[in-house]
Amino acid sequence: MTSFADITTIGVGGDIARFIEPTTRVGVIEAVEEADEHGLPLCVIGGGSNMLASDEPFMGVVVRDARRRITVPDEAAPVEGSDRTVHVNAEAGANWDDFVAFTVELGLEGVEGLSGIPGTVGASVVQNIGAYGQEVASSVESVEVWDRETKTTRDLTAADLRFGYRSSALKSSMYAAPATPADRFFPTPRYVVLSVTFALRHSAEGTVGFGQLAKALGVEVGARLATTAIRDTVLTVRAAKGMLEDPTRYVEPVMVDTKREGNVIADLKRLAASGAAPAADGTGLPAPDWDRHSCGSFFMNPILTADEAARLPEDAPRFAAALPDGTPGVKTSAAWLIDHAGFHKGFALDGAASPAASLSTRHTLALTNRGNARAADVAALAKAIQAGVKERFGVALVPEPVCIGIDLRP
Ligand SMILES: Cc1cc2nc3c(=O)[nH]c(=O)nc-3n(C[C@H](O)[C@H](O)[C@H](O)COP(=O)(O)OP(=O)(O)OC[C@H]3O[C@@H](n4cnc5c(N)ncnc54)[C@H](O)[C@@H]3O)c2cc1C
């Protein structure tokens, strides 16, 4: 029996009553529709990289779209001087980094800064993935969805999707309030993504959009550089922070074929070249890097009102941002708050020497499974951090991953 522990990056979570992998568009719709018709809990899963499921069995249906084609529908390559937009369509089950690698190889600009983010194309638009000065929102032309409410397929434009910081209309459909599941569509949005069409630019160069990346590349923010160089550097910077997934997961039978073999081999080679020790089991694979067994950033950067922000210490980071209602607010750093509330890298409850779950030793925002954690261990750690930050700074941290059967309401 497949469990959430088998198919999520953090490697925790209970058994799944029914796990299906449709290979056709109609098969995906039928699987979703059948679960909805019978009133069964439904979870459409991609790479399981933004999901924390409880240890209890999931008495419903988990659907993983096995369609992974990436195509370029435009008939002619654009010519210099004319409109240089190139459309690329990817089916929802395509691995996100396969998609990025494909576009960079094709000489397209637009998503190179999002290299190495785990997961699928389908989920990329759910929380509007972002990193190093890029967000997927700025490259999305349209999203083909199955609307579970009207039971029709629809093409949503980028405007329909109401993208924001780690948010979209898709994600909003799952929540009644922050981290509070809506009655009907949870843990999967009302709109199930079938495919995404991106509008990219025909250019072998991209813009370096973020200070840390610019520093690693030895250039100024705003510089134009080869997209291949940006991609390589993003992967290196991410590896140093443990913010890549463990590529050995794709060797497991339940994950094989969900990412292109050539790209998995490249990831394994990069990991081995970074000095990772070989596994003790004689497989020839690198030993597990527990810092990579996470959901990525576990808490979102809080966006506060001016009054709330004024109560933070002077040296707390502050950036202009919009509050959910569109009015001006102040974004601060969840990592800064956590660290300054006393939860440093590697923090574990009770100071255990070999904890089941701890903060990553390389990134304050990642909660990690050190090999034998259960969801309850991760949840206990998350709650302790929420309580500590609330007590120290009065700020409620909202979890970024979709928490199934686990209550982490702020
Ligand atoms: C090491 C690491 C680093 C990360 N770094 C970043 C980062 O830099 N930036 C960032 O934004 N995120 C980051 N993440 C989070 C994660 O990679 C993204 O949120 C990713 O888009 C999740 O994709 P997934 O396919 O794994 O989604 P899943 O975890 O499988 O699902 C997440 C949600 O999306 C829904 N979903 C999945 N597929 C579909 C579909 N076809 N239609 C509708 N809903 C769907 C699920 O039902 C669920 O609600 C990181 C995660 C890890 C583990």
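Residues numbered from 1 in each chain as written. Predicted model: local features only at pLDDT ≥ 70, side-chain atom pairs only at ≥ 80, totals over all residues. Heavy atoms only, no water.

**Thoughts on the sheet that holds strand β21 (residues 357-359)**
Link 1 in the chain: The three strands lie next to each other as β17-β22-β21, forming an open sheet whose pairing is antiparallel. Across the chains shown, the open sheet's two edge strands, defined by having one partner strand only, are β17 (294-297) and β21. Each neighbouring strand pair of the sheet contributes to a mean axis angle of 20°, computed without reference to strand direction.
Link 2 in the chain: Pairing between β17 and strand β22 (residues 366-369): two bridges, direction antiparallel. If you follow Ser-294 over to β22, its bridge partner there is Thr-368.
Link 3 in the chain: Packed on one face of the sheet, helix α11 (residues 375-393) meets β21 and β22 and runs near 35° to β21. (Pairing = 2+ DSSP bridges. Helix = DSSP H or I, 4+ residues; strand = E, 2+ residues; numbered from the N terminus. Axes fitted to C-alpha atoms, helices over the stretch in contact; angles between N-to-C directions. Contact = heavy atoms within 4.5 Å.)

**With respect to the site of the ligand**
Link 1 in the chain: What surrounds the ligand is a group of 38 residues, the closest being Val-44, Ser-49, Thr-120, Thr-188 and Arg-238.
Link 2 in the chain: A distance of 2.7 Å is found between an oxygen atom of the ligand and a backbone nitrogen or oxygen belonging to Val-44.
Link 3 in the chain: Contact between the ligand and Gly-46: an oxygen atom at 2.7 Å from a main-chain N or O atom of the residue.
Link 4 in the chain: Mapped onto the shell around the ligand, the elements with two or more residues apiece are α4 (121-124), β8 (130-131), β14 (191-202) and β17.
Link 5 in the chain: Here the residues of the shell around the ligand are counted per class, giving 20 nonpolar, 15 polar and three charged.
Link 6 in the chain: Of the residues that make up the shell around the ligand, three or more belong to each of domain 1 (4-64) and domain 2 (70-217). (Near = heavy atom within 4 Å. Polar contact = N/O pair within 3.5 Å; in protein donor to acceptor, adjacent residues only side chain to side chain. Nonpolar A, V, L, I, M, F, W, Y, C, P; charged D, E, K, R; others polar. Domains from an automatic or database assignment.)

**Describing the domain arrangement of the protein chain**
Link 1 in the chain: Its domain assignment divides the protein chain into domain 1 (4-64), domain 2 (70-217) and domain 3 (303-404).
Link 2 in the chain: The straight-line distance from the C-alpha centre of domain 1 to that of domain 2 is 22 Å.
Link 3 in the chain: Taken together, the contacts link 14 residues of domain 1 with 14 residues of domain 2.
Link 4 in the chain: In total, domain 1 and domain 2 occlude about 1200 Å² of area from one another, counting both sides; carbon and sulfur atoms represent 59% of this.
Link 5 in the chain: Between domain 1 and domain 2 we count three salt bridges in total.
Link 6 in the chain: Close ionic contact of Glu-33 with Lys-151 constitutes a salt bridge, the shortest N to O distance being 3.2 Å.
Link 7 in the chain: Where domain 1 touches domain 2, the interface holds five residue pairs in polar contact (both at pLDDT 80 or more).
Link 8 in the chain: At the level of secondary structure, the elements contributing two or more residues to the side of domain 1 that touches domain 2 comprise α2 (25-37) and β2 (42-44). (Buried area = accessible area lost by both parts, 1.4 Å probe. Salt bridge = Lys/Arg side-chain N within 4 Å of Asp/Glu carboxyl O.)

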